[in-house]
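What follows is the residue order along each chain.
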Amino acid sequence: MSTQVKKQSVGFGSLIRRPEFGALIGALAVYIFFAIAGGAPFMAPGGSASWLNVAAELGIIALPVALVMIAGDLDLSVGSVLAASSMTLAILSGFYGLPTWVGIIAALLVGTLIGIANGYIVTKTNLPAFVVTLATLFAVSGLTLGLTRLLVGSTAVSMTADPTTKALFGTLLDGKFSVAIFWWLGVAVLVSWILYKSIFGNWIFAIGGDVISARATGIPVAKVRIALFAASGFGAALVGVLQTCMYNGAQVANGQSFVFNSIIAVVVGGVLLTGGYGSTIGVILGTLTFAIVNQGIYYTGWNADWAALILGILLLIAVLTNNTFRRLALSGGNKKEKKN
Amino acid sequence: MSKATPILSLKNVSKVFAGYRALNDVSLEVYPGKVLCLLGDNGAGKSTLIKVLSGFHEPTSGTLEVNGVTAVFKSPKDASNVGIATVHQFGGTFPLMSIGRSFFVGAEPTKGRGIFKRFDKKYANETAVREMQQLGITRVTDGDRLIGGLSGGERQASAIARAVHFGANVLILDEPTAALGVKEAAHVLRIIMQARNKGVAVILVTHNVSHALTVGDHFAVLIRGEKADDFAKGERTREQITDLMAGGEAMAELERELSTLTGTINQIN
């Protein structure tokens, strides 16, 4: 009797009730759709590389942003963090001619520090992360633009990475696949370990689920939230480094598209906007979905404008599905609530 | 009353919020293996009293004693360190976490060492399920299930099991039966008795007199922040308690008023 109950709960029924399943269906659906509409070129290695490269950069940002969102916060500042860090690298190692690794460390440090500042302000003031990170998005963007003009006198700075750094951060394998894909894999393994295997991961879920109860159990809530914002800043800075090495330079307007794209990837991946629930596999699938739509459209011969329409609809469906999941999970077993 | 040292006692505790006296000169004693029922209407000061006991508020005046020694709770952590655990109306747990994970929030078991130190999910799930089964929740066999998928009574049970597992010797239950159906409530009352039999001191906060009478050893009634009455099992009847909670004479007046109303309705019929 008891084993029967156990089997049921890990079976198909519970699988389809998880939001990640929706993300899997979404990713498969858009892949099949564009495989048919885009034909052989889309499915060829070059086609796969085009969306994998986009997914890799987005994924490196989306995974830590997902952690922030599971803990119940939001990080909109990633766009400016990316610009600030890539500018830091380009100015230090390009304009001033310092070794590339010095620029990279400084860039990652800049991203992490902006993240810590976000976390510090959010936890000290108790203002919504939405407002605080929107403010940093603008402030950091303005700061980057102002300082770059002041120091360099232009809004674009070129940089040539040394061969080792170029190989590690900015090459295309087989002329197609960006090394960012491997960085993405690394970030995915690390974030999965943090979320599922470390104690810290349990704290993230607890803080997103019920911050007051989490605090009552002795979890250092403020420190965890600050650390997550720092991770999010680090992720954005890493993409800044990858882009600067890949494109041999930086522009102040880089990265703004990641602000909303990362949230789309995370939400399509089944992370609840209210916090408390989410999975790395879901976010990876959400990222792939986004990248497939974003790049697949070019293989169809249609106007690329339609990609945004598809993404908008997917986002709406995902939020509705996630909401339904949340309602079911919260009312499960309570028949009174189900009637509503 | 003088036989043993109370595990927790309040001596003339008052709590004032910006000029409003939420608690006025309340003294209480809680003994191991006994259930103290804290009765009172909405706004009588029950919640404030719980918050003082669980370390969320410091009393404005008066003292707390743990095992006869004066204690000051600066934070909920201080209270939980001496074994005081509070379970709220909806179980106070994390609805979107698994049973095993939520059971160990803040006290996660680990295996491995160094950078391989990791959350021991198997142990967490097995322990959580075993502790719940010991409280009679036999329907739960899989620690991976989400807390949100449990019934209200099962959630209460998981929270109580958690508190008992982590060595709570004073268990404060805030309206555990208020949101439950009759059967579920009965089950929670049974779980309270099991905790009591394990030697845990239970403070049951409720406005349901029959639930209180079923499990209580000792009773205290709060009215507008003051302790209006304090008595042992069998010293008062159900009616006396209900009247007291509703404010005595006010209740009799209400009954008179209602009887005229029903009279009118009968006349119409």
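Here the structure is shown first, and the text comes after it.
Structural notes, computed from the coordinates. (Residues numbered from 1 in each chain as written. Chains lettered and ligands numbered in written order. Predicted model: local features only at pLDDT ≥ 70, side-chain atom pairs only at ≥ 80, totals over all residues. Heavy atoms only, no water.)

**Brief notes about the interface of chain A and chain B**
And then number 1: The interface is formed by 34 residues belonging to chain A together with 30 residues belonging to chain B.
And then number 2: With both sides pooled, the region where chain A packs onto chain B buries about 2500 Å², and carbon together with sulfur makes up 60% of that total.
And then number 3: Taken together, the connections running from chain A to chain B amount to zero salt bridges.
And then number 4: Taken together, chain A and chain B are joined by five residue pairs in polar contact (both at pLDDT 80 or more).
And then number 5: Within the residue set of the side of chain A that touches chain B, elements represented by two or more residues are α1 (2–10), α10 (180–197), α11 (199–209), α12 (211–216) and α16 (305–331) of chain A.
And then number 6: In terms of residue count, the dominant contributor to the side of chain A that touches chain B is α11 of chain A (six residues).
And then number 7: Looking at the side of chain A that touches chain B residue by residue, the class counts come to 17 nonpolar, 13 polar and four charged. (Contact = heavy atoms within 4.5 Å. Buried area = accessible area lost by both parts, 1.4 Å probe. Salt bridge = Lys/Arg side-chain N within 4 Å of Asp/Glu carboxyl O. Polar contact = N/O pair within 3.5 Å; in protein donor to acceptor, adjacent residues only side chain to side chain. Helix = DSSP H or I, 4+ residues; strand = E, 2+ residues; numbered from the N terminus. Nonpolar A, V, L, I, M, F, W, Y, C, P; charged D, E, K, R; others polar.)

**Brief notes about the side chain of serine 48 of chain A**
And then number 1: Topologically, serine 48 of chain A is positioned in helix α5 (residues 45–70).
And then number 2: Residue classification places serine 48 of chain A among the buried residues on the basis of a relative accessible area of 16%. (Buried < 20%, exposed > 50% of the residue type's maximum accessible area, 1.4 Å probe, protein only.)

**Digging into the environment of alanine 304 of chain A**
Residue and element names in this part refer to chain A.
And then number 1: Mapped onto the elements of the fold, alanine 304 is located in the loop between α15 (280–296) and α16.
And then number 2: Between the C-alpha atom of alanine 304 and that of leucine 320, which follows or precedes it by 16 residues, the distance is 26 Å.
And then number 3: Residues in contact with alanine 304, not counting those within four places in the same chain, are Ile297 and Tyr298.

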